[in-house]
Amino acid sequence: MSSHEENIQNEFDLNPSKAKSKRLNIPTLEYFWQSSPLSAGNLNNVPCFLRSIKAFDNFSDYELKQFSHFIHKRSFSLDEVIIEEGDSGFGFYLIYDGDVEVFTRRTRVVDGLTEVYQQLVVRLSKFEYFGELALLEKQNKRNASVVSRGNTTLLAIYKPDIEELIERHPVIGAKFLQGISLIVAHRFNKVTEELRNTKEKLMELEHKLENSKI
Amino acid sequence: MKIQKFKSNKFKMFFFLITVVSMLAIFTSLSRIMIPFGFAYILSLMLKPIQKSFYSVELRKKGLSLLMLVGIAFVFSYPIIQGVKTVTEESHKIEYYLPKLEKYLREKYVSIQQEVKQRFNYEIKANPVNSLIEFGQENTKQLVIFLPKIIGSLLEWGIMIPLFLFFILKDERRVRFLFIKIVPNSIVERAYYLYHQFNTKFGDYIFAKAIEALIIGVIITTGLLIIGYPFAFLLGLLAAITNILPYAGPFLGFIPALIVGLVDQNPNTTLGAMIILYLVANIIDLALVFPVLVSKIVNLHPIVVVVSVILGSQFGGIVGMVISIPMAAFFKLLYQEIYLELYGKA
């Protein structure tokens, strides 16, 4: 309970007659308390979930509530393919509940025959997300497959909804795109770091190879 | 690791297809609902750009829809009432022109008959003028018989179209989200994308065609008024409506003006000026309005346009002709998506 409400409650306890005149304010307070998207009664709602995601840090509660009207809740069962590598992509997904696995298609030669197989890249769980590039690129091709592991609920945001969001609520649209840019920048930094490490390892190996030759 | 596709998705797909087919069946069987709903849907797409321009004012959808309906009623009621009055007056005048037209056709036919007899010594026995007049009289009778029914339908539409339009403007997104819920996971992204593309292309095309028709209508009416040609408003309206039809439209709009010019015995009627006016209006349309407004939206080969218009007229009459081009653009998109799915991924 907030301190302001505690003060009002104390006043009620000390002076009931005075409290009677204040009673009119209670529904108003209740209204403001309940209308907050992040209030205790609504802990399981979409805005509250979005509040836990870093990309939505710069959103106000009202903006999160407005943004949640553009989101689709979709359920997937065990082993159901959410997105498939090579498909055209139009949606960005947030894991609301459950786990998913990300696979990429690889080829290997076994007994002289080329075989295609799916290699597990990463396992994602609640509060994580994937498919953000689909919202930025005009003709996006998915670069990995994502499969549901168990009963999974995802929050999907599709390209047409983002276009509508930008038209209807430009500020929220801009903040969302800023969030997406942060995600992309974060991924880019990670890839750059990994590339740098790989290069260093490669150079180390080359150096070792040269030394062994000498 | 083997990925199982469509697990538990079969039921969803079956349910989705059944829902779509039943909805289509219900809509097509109930023409009294489908026609006004179709008109309201097309109007809602045309109003979309106006609706978007009001988004910045942060109006709620209900308020915005109401405001738009009231705005349309306020802005257009006076011109519509005046326009209907003028066009009705001009239509009444046509009654006096019909005997003139009959006389003109008979005289022309007799002169052609004599000319052929003189030159080729051959007598034309068939009388197409009589059958044409009989055909006209029969159709007029039919029109008179069905007139109360037509007026009844128009009144019904007058109530239903604004009602449907209001709810489409207000609740389209809610219905869309509900519909998306039943689309199976495996096709949801693509289905939503196609739906969005179809709506955008269809809306943009209809909006562009309406603007194009308005421009042509205004040019023809103003031009005819300046040269003092009879039935300026009626002919302008006809030119605007027929202009919606691609290729054949401008020609169809020109025929009534030509007939009026030929039949009218008034020496002030300037047939040459009228022909130049129609030519100029159509050149403006072909060279300026169409390339800027319409062609970029659909981007179809001219042969595809002609074939789709013919097919549209065969299956859906005039409405079919109007919607055939955006439909063709949508099928092109659908074909590209299917092609990409079948061959493009490798």
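Bear in mind that the values here come from a model prediction, so they are computed numbers and not experimental data.

What counts and how
- Residues numbered from 1 in each chain as written.
- Chains lettered and ligands numbered in written order.
- Predicted model: local features only at pLDDT ≥ 70, side-chain atom pairs only at ≥ 80, totals over all residues.
- Heavy atoms only, no water.
- Patch = residues over 30% accessible without salt bridge, like charges linked within 9 Å, V, L, I, M, F, W, Y side chains within 5 Å.
- Areas by Shrake-Rupley, 256 points an atom, 1.4 Å probe, with all protein chains shown as cover.
- Salt bridge = Lys/Arg side-chain N within 4 Å of Asp/Glu carboxyl O.
- Helix = DSSP H or I, 4+ residues; strand = E, 2+ residues; numbered from the N terminus.
- Buried < 20%, exposed > 50% of the residue type's maximum accessible area, 1.4 Å probe, protein only.
- Contact = heavy atoms within 4.5 Å.
- Phe/Tyr/Trp six-rings, centres within 6.5 Å; stacked < 30°, edge-to-face > 60°.
- Lys NZ or Arg CZ within 6 Å of the ring centre and 35° of its normal.
- pLDDT = per-residue confidence, 0-100.
- Expected span 1.5 Å × (residues − 1).
- Bend = angle between axes of the 7 residues up to and from the residue.
- Buried area = accessible area lost by both parts, 1.4 Å probe.
- Polar contact = N/O pair within 3.5 Å; in protein donor to acceptor, adjacent residues only side chain to side chain.
- Nonpolar A, V, L, I, M, F, W, Y, C, P; charged D, E, K, R; others polar.
- Core = buried A, V, L, I, M, F, W, Y, C linked by side-chain atoms within 4.5 Å.
- Axes fitted to C-alpha atoms, helices over the stretch in contact; angles between N-to-C directions.
- Parallel < 35°, antiparallel > 145°, perpendicular 65-115°, else oblique.
- Left-handed = near helix turned anticlockwise from the far one by under 90°.

1. Comments concerning a nonpolar patch on the surface
Residues and elements named next belong to chain B. Judged by side-chain polarity, Met23, Ile26, Phe27, Leu30, Ile33, Met34, Ile35, Phe39 and Phe179 come together as a nonpolar surface patch covering roughly 720 Å² of accessible area. Among the secondary structure elements, those contributing two or more residues to the nonpolar patch are α1 (9-29) and α2 (31-53). It is α2 that provides the largest number of residues to the nonpolar patch, a total of four residues. The exposure class of Ile26 is partly exposed, given its relative accessible area of 48%.

2. Quick notes on the environment of Val146(A)
Residues and elements named next belong to chain A. Counting through the fold element by element, Val146 comes out in strand β8 (residues 145-158). The spacing of Val146 and Glu80 is 66 residues in sequence and 8.7 Å in space, taken between C-alpha atoms. For Val146, the contacting residues outside a window of four places in its chain are Glu80, Val81, Ile82, Ile83, Val100, Glu101, Val102 and Phe130.

3. Digging into the pattern of salt bridges
Under the counting rule described, the total for this entry stands at 17 salt bridges over all chains. Note that Lys170(B) is salt-bridged to Asp171(B), the shortest N-O span being 3.2 Å. Overlapping salt bridges, with partners in common, bring together Asp161(A), Glu164(A), Glu172(B), Arg173(B) and Arg176(B) in one network.

4. Some words on the packing of aromatic side chains
Within this structure, the stated rule accounts for 18 aromatic pairs over all chains. Ring geometry for Tyr158(A) versus Tyr192(B): centroids 5.5 Å apart, planes at 85 degrees, classification edge-to-face. Pair noted here: Tyr158(A) is in strand β8 and Tyr192(B) is in helix α5 (residues 188-227), and the two residues belong to different chains. We note that Tyr158(A), like Tyr192(B), is buried. Between the aromatic rings of Phe39(B) and Trp157(B), the centroid separation amounts to 5.6 Å while the plane-to-plane angle is 45 degrees, which identifies the pairing as tilted. Of the two residues, Phe39(B) is situated in helix α2 and Trp157(B) in helix α4 (residues 128-182); the sequence distance between them amounts to 118 residues. Judged by relative accessible area, Trp157(B) falls into the partly exposed class, the value being 24%. Members of the aromatic cluster, each reached through a chain of ring pairs, are Phe56(A), Phe59(A), Phe67(A), Phe92(A), Tyr129(A) and Phe176(A). Seen from the ring of Tyr117(A), Arg108(A) lies directly overhead, with NZ or CZ sitting 4.0 Å from the centre. Taking the ring centre of Phe177(B) as reference, the NZ or CZ of Arg173(B) above it sits at 5.7 Å.

5. Describing the confidence of the model for chain B
Residue and element names in this part refer to chain B. When the pLDDT values of chain B are averaged, the result is 78; 86% of them are 70 or greater. Confidence, read as mean pLDDT per element, is least for helix α3 (residues 61-120) in chain B (74) and greatest for helix α6 (residues 232-243) (86). In the model, residues 1-7 has pLDDT below 50 throughout and makes 16 contacts with residues more than four positions away in sequence or in other chains.

6. Let's talk about α2(B)
Residues and elements named next belong to chain B. For α2, which comprises 23 residues, the first-to-last C-alpha distance of 33 Å matches the rise-based estimate of 33 Å (1.5 Å per residue) to within 8%. Taken as a whole, α2 carries its principal kink of about 45 degrees at Leu47; the proline Pro49 stands between one and four residues after it. Turning to α2, its buried residues are Pro36, Ala40, Ser44, Leu45, Leu47 and Gln51.

7. Considering the interface of chain A and chain B
Opposite the 37 residues of chain A that make contact, chain B presents 30 residues. Taken as a group, Arg74(A), Phe90(A) and Arg168(A) account for 22% of the area that chain A buries against chain B, more than any other trio of residues on that side. Counting every contact that joins chain A to chain B gives five salt bridges. The interface formed by chain A and chain B includes 14 residue pairs in polar contact (both at pLDDT 80 or more). Those elements that provide at least two residues to the side of chain A that touches chain B are β1 (72-76), β2 (81-83), β3 (88-89), β4 (91-110), β8 and α7 (159-168) of chain A. A total of six residues in the side of chain A that touches chain B trace back to one element, the largest contributor, which is α7(A). Broken down by class, the residue content of the side of chain A that touches chain B amounts to 12 nonpolar, 11 polar and 14 charged.

8. Thoughts on the nonpolar core
Residue and element names in this part refer to chain A. Formed by 24 residues in total, the largest nonpolar core has its most connected members in Leu50, Phe56, Phe67, Phe92, Leu94 and Phe176. Elements represented by at least two residues in this core include exactly α4 (46-51), α5 (61-68), β4, β8, α7 and α8 (170-213). Broken down by element, the residue count for this core peaks at four residues, all from α8. Here Phe92 is in contact with Tyr129, Phe130, Gly131, Glu132, Leu135, Leu155, Ala156, Ile157, Phe176, Ile180 and Ile183, once residues within four sequence places are set aside.

9. Considering the environment of Lys10(B)
Looking at the element boundaries, Lys10(B) is found in helix α1. Along the primary structure Lys10(B) and Pro184(B) are separated by 174 residues, whereas in three dimensions their C-alpha atoms are 8.5 Å apart.

10. So, the side chain of Arg149(A)
Residue and element names in this part refer to chain A. Positionally, Arg149 belongs in strand β8. In this structure Arg149 comes out as buried when scored by relative accessible area, which is 16%. At 2.3 Å, the side chain of Arg149 forms a polar contact with the side chain of Asp79. Of note is the side chain of Arg149, whose polar atom sits 2.5 Å from the side chain of Glu101.

11. What about the packing of α6(B) against helix α7 (residues 248-263) of chain B?
Residue and element names in this part refer to chain B. Their axes nearest at 7 Å, the elements α6 and α7 cross at an angle of 160 degrees. In terms of orientation, α6 and α7 fall into the roughly antiparallel class. Crossing angle aside, the handedness with which α6 passes α7 is right-handed. Across the interface between the two elements, Leu235, Leu238, Ala239, Thr242 and Asn243 from α6 touch Gly249, Pro250, Leu252, Gly253, Pro256 and Ala257 from α7. When its residues are assigned to classes, the contact of α6 with α7 shows seven nonpolar, four polar and no charged.

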